[in-house]
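# Breakdown of the fold
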Amino acid sequence: MSRSMTGAKMVIEALRDQGVDTVFGYPGGAVLPIYDEIFQQNDITHVLVRHEQGAVHMAEGYARSTGKPGVVLVTSGPGATNAVTGLTDALLDSIPLVVISGQVPTFLIGTDGFQEADTVGITRPCTKHNWLVKDTAQLSQTIHKAFHVATSGRPGPVLIDIPKDVQFAEADYVGPKQVEPGAYQPARKGDLQAITRLVELMERAERPIFYTGGGVINSGTAASQLLRELADATGFPVTSTLMGLGAYPASGKNWIGMLGMHGLYEANLAMHGCDLMINLGARFDDRITGRVADFSPGSVKAHIDIDPSSINKVIHVDIPIVGDVGHVLEDMLKVWKSRGRKVNSAALSKWWEKIEGWRSKNCLAYRNSDKIIKPQHALERLEALTKGRDRYITTEVGQHQMWAAQYLHFDQPNRWMTSGGLGTMGYGLPASIGVQMAHPEALVINVAGDASWLMNMQEMSTAVQFRLPVKQFILNNERLGMVRQWQQLLHGERYSQSWSDSLPDFVKLAEAFGCAGAVVRDPADLDAAIQAMLDYDGPYILDVLVEKHENVFPMIPSGRPHDEMLLGDAETSGAIQSGGAVLV
Amino acid sequence: MNALKIQKGASSHSAYDLRDPNAQVEESHTLAVLVENEPGVLARVIGLFSGRGYNIDSLTVAEVDHTGHRSRITVVTRGTPAVIEQIKAQLGRIVPVHEVHDLTVEGPSVERELGLFKVAGKGEKRVEALRIAEIFRANVVDSTLESFVFEMTGTPAKLDAFAELMQPLGLADIARTGVAALARGL
């Protein structure tokens, strides 16, 4: 049965058929017909944002906390260009998004019309794929195809640009089941021969390690379960990238902490000294590898990734396996069990002894104070006071982000939303709103820095409008802390433009937005302040005034290998050489 | 490492059979990229090369299957073996790209390019240009009393050689199509 309708109605119909319940967006001239359709229905909730960048980060928060694609609706020109940062962020972190943008009518395209921008041209390098739909008859199937592309293989953001006349014109609607699957069908199963080879190595390995990444989370909760089963059964240590936190529980017995530039000492030294590295859905990012030539020099490396282009891009691996992490883990477990569940137990216990030795360095130790709140202490208290609650954490980008990754613990996937690849300041506040939309009853906290938080603070208004009780936990050091840290370490303590002068009064700001807020500066008041934030029924800003010159440790300076970590301020003088200084 | 007895680079069992990953020698490869003929697909392919800093030595594109909406992009690129592998993998993940073939490693192939050469001259030089054109089996496709336009098909090296010989004889302008290539046999 064919149903004729306008393009605008088709958009709503297709979103409904795709199971979309929430759209983050901002209206404008070129999407008015779609907004008219939104007005006339109740199935899809539209969250009115205050800036289109916020809409995309909200959709990212929604997607990362649910595993479902996030949906964004913006107008032409500035609406679309404001979405670019969010699209790039989602591309680098492999987050499934479907962004719909309005465009000037087809007969005005190319005339520099009002609010015209070459949206598909601008977003081509920052989307997984994009489409300009010039014919209403193609619209519904393009939307269905867009959902397929965004969510299959390595997930990512897609964009559909719809000229206004296409929204007004009528054509037959095509449902998702009537759309041909198309040529884009990425492989999911890994090569069984390679998996068997890997299992053989696992049976004999003396110093194995699971190096897990965002791919485990993206693969779905089943992959996290399989990882837990495999790690617990083999007794291999598990480390994770920033993106993969929560896939293996921080309370699990094989957990050795996050690795990388600000990762744990034991995790980085285990990576450096292992003899079998099993990379599950991570991509050897430069924050992880340090100096590539000295990266884990003595190990055989296996890499499981759904994206063939991730393999051998940075680090040459011995056993590449292209496939979905969940499927490959399932096969690994099956093969390993069928071969008699063997591991090199004697060597493994020696390996754990070594790891425990590194762990006893207690690399996250810091000098606490009873006069001023240390940011690490603030996060330890936040962790303690939220323990056992179904808690979702988002972050902005910088020092607070690294401290949150170090001092907060995640026992479940999809509970940790942070901008990893692109490092987008201003991500956390809108992301927390997206998470809260998806989980209205949950505790959602954005761990922020003062500078990052200001970048998208207008979205506090969105939180208030939709009565979303997001908690803004601002570690306020009146600095661009990470920039300041780098200037201290490698630019001769010349702190160029890295302080936040004229900061607003965050409590008054909260009041101005119509929510609640408080400031805390005395360590003795910290617990009560956090508890008040948690107990408040509504959005809340807690301004935590912390030590201004605290640095994030441990740290692998740019251009150094894993075994040359800095553990504290005493070691920092001359730590970064000129070769490392050109890196970021 | 020793306990596991695996050779570095021994990955012949994988989907990606790599040659020596550490070789730093740049190689020239001819890639055939079969794509859905949809708007912007060429921009996606060349945007990938510029965005990731790869080289394009030659590029040709045309629709080769009108009913199936398929176009064939032939691109000649340069890079170390690791870079060439990365280029192929990156091309492969562009959504409208159906197939990527590395004609340089997949067996023998034929490569041809068409060139148009305008040579201006009088007297002995004009006669000499015509004589060399015959040796190269170039055709005269335009003639005035003071100029010829030669058309020639061949390998890029043959076109280079012809252009070099025509230089002192009054070569005025060149247009080249870039390489089109097909695998030999079935």
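Note that the structure is a prediction, hence the values are computed from the model and not measured. (Residues numbered from 1 in each chain as written. Chains lettered and ligands numbered in written order. Predicted model: local features only at pLDDT ≥ 70, side-chain atom pairs only at ≥ 80, totals over all residues.)

### Overview of the overall build of chain A
Scanning chain A for helices and strands turns up 24 helices and 20 strands. Taken against the 2.2 N^0.38 rule, which gives 25 Å for 584 residues, the C-alpha radius of gyration of chain A at 24 Å falls within 12% of a compact globule. Over its C-alpha atoms, taken along the principal directions, chain A stretches across nearly 70 × 60 × 45 Å. Per-residue burial over chain A gives 56% buried out of 584 residues. (Helix = DSSP H or I, 4+ residues; strand = E, 2+ residues; numbered from the N terminus. Rg over C-alpha atoms; globule rule 2.2 N^0.38 Å. Buried ≥ 20, exposed ≤ 12 C-beta atoms within 10 Å, placed from the backbone.)

### Side note on the overall build of chain B
Along the backbone of chain B there are 4 helices and 9 strands. Of the regular secondary structure in chain B, the N- to C-terminal order runs β-α-β-β-α-β-β-α-β-β-α-β-β. Within the span of chain B, comprising 186 residues, buried residues form 25% of the whole. Across chain B, contacts joining residues at least 24 apart in sequence account for 73% of those joining residues at least 6 apart. (Contact = placed C-beta atoms within 7 Å.)

### Section: the environment of A:A365
Residue and element names in this part refer to chain A. Along the chain, A365 falls in the loop between α15 (345-359) and α16 (375-386). For A365, a count of 11 C-beta atoms within 10 Å translates into the label exposed. Here the alpha-carbon distance between A365 and I12, two residues 353 residues apart in the chain, equals 53 Å.

### Details of helix α17 (residues 399-407) of chain A
All names here are of chain A. Summarising burial for α17: 8 of the 9 residues are buried, a large majority. Listed in full, the buried residues belonging to α17 are Q399, H400, Q401, M402, W403, A404, A405 and Q406. On its buried face, α17 is in contact with β11 (255-258), α16, β15 (391-395), β17 (443-449), β18 (471-476) and α21 (481-490).

### Digging into helix α12 (residues 265-273) of chain A
Residue and element names in this part refer to chain A. Most of α12 is tucked away, with 8 of its 9 residues classed as buried. Listed as buried for α12 are Y265, E266, A267, N268, L269, A270, M271 and H272. In the core, the buried residues of α12 are packed alongside β9 (208-212), β10 (238-240), β11, β12 (276-280) and α15.

### Some words on the pairing of strand β3 (residues 70-79) of chain B
Residue and element names in this part refer to chain B. A large share of β3 lies buried, amounting to 7 of its 10 residues. Note that strand β1 (residues 27-36) and β3 share 10 bridges and pair antiparallel. The partner of H29 across the bridge, within β3, is T77. Sheet analysis places strand β2 (residues 58-65) next to β3, joined by 7 bridges and oriented antiparallel. Bridge pairing in β3 places T60 opposite T74. Between the antiparallel neighbours β2 and β3 lie 4 residues, among them H69 with a positive phi of about 55 degrees. (Pairing = 2+ DSSP bridges.)

### Notes on the packing of α12(A) against α15(A)
All names here are of chain A. One can describe the packing of α12 onto α15 by two numbers: an axis separation of 8 Å at closest approach and a directional angle of 140 degrees. Of the possible angle classes, the one that applies to α12 and α15 is oblique. The handedness of the crossing between α12 and α15 comes out as right-handed. Of the residues in α15, those in contact with Y265, E266, L269 and A270 of α12 are I355, W358 and R359. Classifying every residue of the contact of α12 with α15 gives 5 nonpolar, no polar and 2 charged. (Axes fitted to C-alpha atoms, helices over the stretch in contact; angles between N-to-C directions. Parallel < 35°, antiparallel > 145°, perpendicular 65-115°, else oblique. Left-handed = near helix turned anticlockwise from the far one by under 90°. Nonpolar A, V, L, I, M, F, W, Y, C, P; charged D, E, K, R; others polar.)

### Some remarks on the sheet that holds strand β19 (residues 516-520) of chain A
Residue and element names in this part refer to chain A. As summarised here, the arrangement of the 6 strands in space is β16-β15-β17-β18-β20-β19, forming an open sheet in which the pairing is parallel. If you trace the sheet from one side to the other, it starts and ends with β16 (416-417) and β19, each paired once. Strand direction decides the pairing type here: β15 and β17, joined by 5 bridges, are parallel. Looking at the pairing, T395 lines up with V447 of β17. Together, β15, β17, β18 and β20 (540-545) form the strand contacts of α16, whose direction differs from that of β18 by roughly 155 degrees.

### What to know about the environment of A:R204
As for its position among the elements, A:R204 is in helix α9 (residues 192-204). On the basis of neighbour counts, which here come to 16 C-beta atoms within 10 Å, the residue A:R204 falls in the partly exposed class.

### Digging into unusual backbone geometry
Most of the time, phi is negative for any residue but glycine, and the peptide bond is trans. All names here are of chain A. Here the amide bond leading from F553 into P554 is cis, since omega sits at -5 degrees, within 30 degrees of zero. For P554, the location among the structural elements is in the loop between β20 and α24 (578-581). Phi is positive for N362, close to 50 degrees, though the residue is something other than glycine. Its location among the elements puts N362 in the loop between α15 and α16. Accessibility expressed as a C-beta count within 10 Å gives 11 for N362, which makes it exposed.

### Notes on the confidence of the model for chain B
Residues and elements named next belong to chain B. Of all residues in chain B, 88% attain a pLDDT of 70 or more, and the chain-wide mean is 90. Note on residues 5-19: pLDDT is under 50 here. Beyond four places in sequence and across chains, it has 31 contacts. If you check the scores for this complex, the pTM reads 0.93 and the ipTM reads 0.90. (pLDDT = per-residue confidence, 0-100.)

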